[in-house]
Amino acid sequence: MTSPAQPPGAHLPEHPDFLWENPEPKASYDVVIVGGGGHGLATAYYLAKVHGITNVAVLEKGWLAGGNMARNTTIIRSNYLWDESSGIYEHSLKLWEGLEEDLGYPILFDQRGVLNLAHSLQDVRDSVRRVNANRLNGIDAEWVDPAGVKEICPIVNVSPDVRYPVLGATYQPRAGIAKHDYVAWGYARAAHAMGVDLIQNCEVTGLETAGGRITAVQTSRGRIAAGKVALCAAGHSSVLAKMAGIRLPLASHPLQALVSELLEPVHPTVVMSNAVHVYVSQAHKGELVMGAGIDSYNGYGQRGSFHIIEQQMSAALELFPVFARAHLLRTWAGIVDVSPDASPIVGLTPVGGLYLNCGWGTGGFKATPGVGDCFAHTIAHDKPHPFNEPFTLERFTTGALVDEHGAAAVAH
């Protein structure tokens, strides 16, 4: 399933013409989706394709895919520890594997694999446990020693004489990366072709309810009546839910990332390290893409703290000395919602006809096809899909939490 090596810029589509269209909202829709990022566009696509619901509007306060979808680090994997998490992420990975053919649009999905490094004996124990859990759930996973790490990714420093020596890693061969804006454009193009309205520069300013049900959405472009409303706005879910009188157990944080100047192909896989707080891949055009952990403070700023970036670069250079002379091109931050158990919230709300998709932390992009499919099912049938049933709001009442804090070897 691995894509062949392509020269930078090969087979890149032109900017889709329909993205320049911006229709006036109709007076009412069967479903209004708030948020024109990957999850919102995927949900609209599967509502139309799978469930035949096409009287749908996707509302975006800026431009399509201009929020977190344009700011993520493009990593796709399913090697999560808990059964509930591995279920929805593996469902998503299987959809990724056929998504380019399904959408009829290039997304540059490249299954180059992902290494999660272990730097201590406890890391090793946790990693081997996760490999065994993955295999029990039918997910490709293996444990590799330092020599195996070096074979898969020759530029990783596996010397024992560093702060955090590499003692081995988990490896998921089917994992990889995709071009995030192409994914969004592919979903938007396909949904648009089936009659979904994609409405940009349309900020939601209020949610109207009556008799315990959602009735309309107030926007900067007027009032829109709605039979159902789905919230898919990463980083601002709490603000939107509050408009309907719902307080969510979420905290919003900036999440750091950066890219280097364009380089020749040198980095063959994705390398992640929770202990040294960095993960690194190389984009299709040649930039090194580096992600870090979330800033500890709450905030909605789409820029990060310099000390986080400084730590991120220090960690990257320890693992990859070959990058010492690479130049930084740009840095940024997305805004992520993080739930108390570091797992998403996807499902119904106490308000009839109002649905939530939020709290993904660092896992949002990789879940795009899977949660779009499951969320569309939830909206169409007014009950959760089996894959997102463990992630409803009720778990915070029952205590059935899906605690992925560090369990998937990623910093939340």
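Calculation criteria
- Along each chain, the written sequence defines residue order, and numbers are assigned to residues from 1.
- Predicted model: local features are reported for residues with pLDDT of at least 70 only, side-chain atom pairs are reported and counted for 80 or more only, and whole-chain, interface and lining totals are derived from all residues.
- Calculated side-chain values reflect all of the structure's heavy atoms, with hydrogen atoms and water omitted.
- Working definition: a disulfide is two cysteine sulfur atoms within 2.5 Å of each other.
- By the criteria applied, helices consist of DSSP H or I runs no shorter than four residues and strands consist of E runs no shorter than two, each listed in order from the N terminus.
- Whether two residues are in contact is decided by their heavy atoms, any of which lying within 4.5 Å being enough.
- Here's how the labels work: a residue is buried when its accessible area is under 20% of the maximum for its type, exposed when over 50%, partly exposed in between, all with a 1.4 Å probe on protein chains only.
- Axes here refer to lines fitted to C-alpha atoms; in helices the fit is confined to the stretch in contact. Angles between the N-to-C directions go from 0 to 180 degrees.
- An angle below 35 degrees is treated as roughly parallel, one above 145 as roughly antiparallel, one from 65 to 115 as roughly perpendicular, and anything else as oblique.
- Helix crossings fall into two classes, left-handed where the near helix is turned counterclockwise from the far one by less than a right angle and right-handed where it is turned clockwise.
- When residues are sorted by character, Ala, Val, Leu, Ile, Met, Phe, Trp, Tyr, Cys and Pro go into the nonpolar class, Asp, Glu, Lys and Arg into the charged class, and all the rest, Gly among them, into the polar class.
- Note that the domain bounds were set by an automatic or database domain assignment.
- When two parts are put together, the accessible area they lose, computed with a 1.4 Å probe and summed over both, is reported as buried area.
- Here the nonpolar core consists of buried residues drawn from Ala, Val, Leu, Ile, Met, Phe, Trp, Tyr and Cys, with membership extended through side-chain atoms lying within 4.5 Å.
- Between the rings of Phe, Tyr and Trp (Trp by its six-membered ring), a pair exists once the centres lie within 6.5 Å; its type follows the angle of the planes, with under 30 degrees stacked, over 60 edge-to-face, and the other angles tilted.
- Two conditions define a charge sitting above a ring: the NZ of Lys or the CZ of Arg must be within 6 Å of the ring centre, and it must be within 35 degrees of the ring normal.
- Strands pair, by our definition, only if DSSP identifies at least two bridges between them.

Q: I'd love a proper account of the state of the cysteines, names of residues and values included.
A: Taken as a whole and assessed by the stated rule, the structure comprises zero disulfides. C358 forms no disulfide, and the closest cysteine sulfur to it belongs to C232, at a distance of 9.2 Å.

Q: Tell me about the environment of H51, and please be specific about residues and values.
A: Checked against the element boundaries, H51 lands in helix α1 (residues 38-51). What H51 contacts, discounting residues up to four positions off in sequence, is Y46, A376, H377, A380 and H381.

Q: An account of the side chain of H377 is requested, with residue identities and associated values reported.
A: Positionally, H377 belongs in helix α8 (residues 368-381). For H377, a relative accessible area of 18% corresponds to the buried category. Setting aside residues no more than four positions away along its own chain, H377 makes contact with H51, D382, K383, P384 and H385.

Q: Explain the packing of helix α2 (residues 83-103) against helix α5 (residues 180-193) to me, using residue names and the numbers behind them.
A: Close contact between α2 and α5 brings their axes to 10 Å; oriented N to C, the two are set at 45°. The orientation of α2 with respect to α5, classified from their angle, is oblique. Between α2 and α5 lies a crossing of left-handed hand. Residues W96, L99 and L103 of α2 pack against V183, G186, Y187, R189 and A190 of α5. Considered class by class, the residues forming the contact of α2 with α5 number six nonpolar, one polar and one charged.

Q: I'd like a description of the domain arrangement of the protein, backed by residues and values.
A: For the protein, the domain assignment lists domain 1 (28-73 + 181-249 + 341-408) and domain 2 (111-173 + 251-338). Each of domain 1 and domain 2 was reduced to a C-alpha centroid, and the two centroids are 29 Å apart. Listed per partner, the contact involves 19 residues of domain 1 and 20 residues of domain 2. Buried area between domain 1 and domain 2, both sides added, is near 1400 Å², and the carbon and sulfur share of it is 51%.

Q: Would you mind going over the nonpolar core in detail, with residue names and values included?
A: If you look at the biggest cluster of nonpolar residues, it comprises 53 residues, and the most contacted ones within it are I33, L41, W96, V183, Y187, V196 and L198. For this core, the secondary structure elements donating two or more residues are β1 (28-34), α1, β2 (56-59), α2, α5 and α8.

Q: How would you explain the packing of aromatic side chains if you had to name every residue and give the values?
A: Under the definition given, this model contains nine aromatic pairs. Taken together, a centroid distance of 5.9 Å and an interplanar angle of 80° make the contact between Y89 and W360 edge-to-face. Highlighted residues: Y89 in helix α2 and W360 in the loop between β18 (354-358) and α8, separated in sequence by 271 residues. Exposure remark for W360: the relative accessible area of 8% places this residue in the buried category. In this structure, K179 is placed above the aromatic ring of Y182, and the distance from its NZ or CZ to the ring centre is 4.8 Å.

Q: Residues and numbers for the sheet that holds strand β14 (residues 278-282), please.
A: Strands pair in a sheet through their backbones, by hydrogen bonds, and they do so in one of two ways: parallel or antiparallel. Ordered by their spatial adjacency, eight strands build an open sheet running β5-β6-β4-β13-β14-β15-β12-β16, and the pairing between neighbours is mixed. Unpaired on one side and paired on the other, β5 (142-144) and β16 (328-338) mark the two borders of the sheet. Adjacent strand axes in the sheet meet at a mean angle of 20° when their direction is disregarded. Note that strand β4 (residues 114-118) and strand β13 (residues 270-273) share three bridges and pair parallel. Pairing of N116 across the sheet is with M272, part of β13. Most of the contacts of helix α3 (residues 121-136) go to β5, to which it runs at about 150°, and overall it touches β4, β5 and β6 (168-172).

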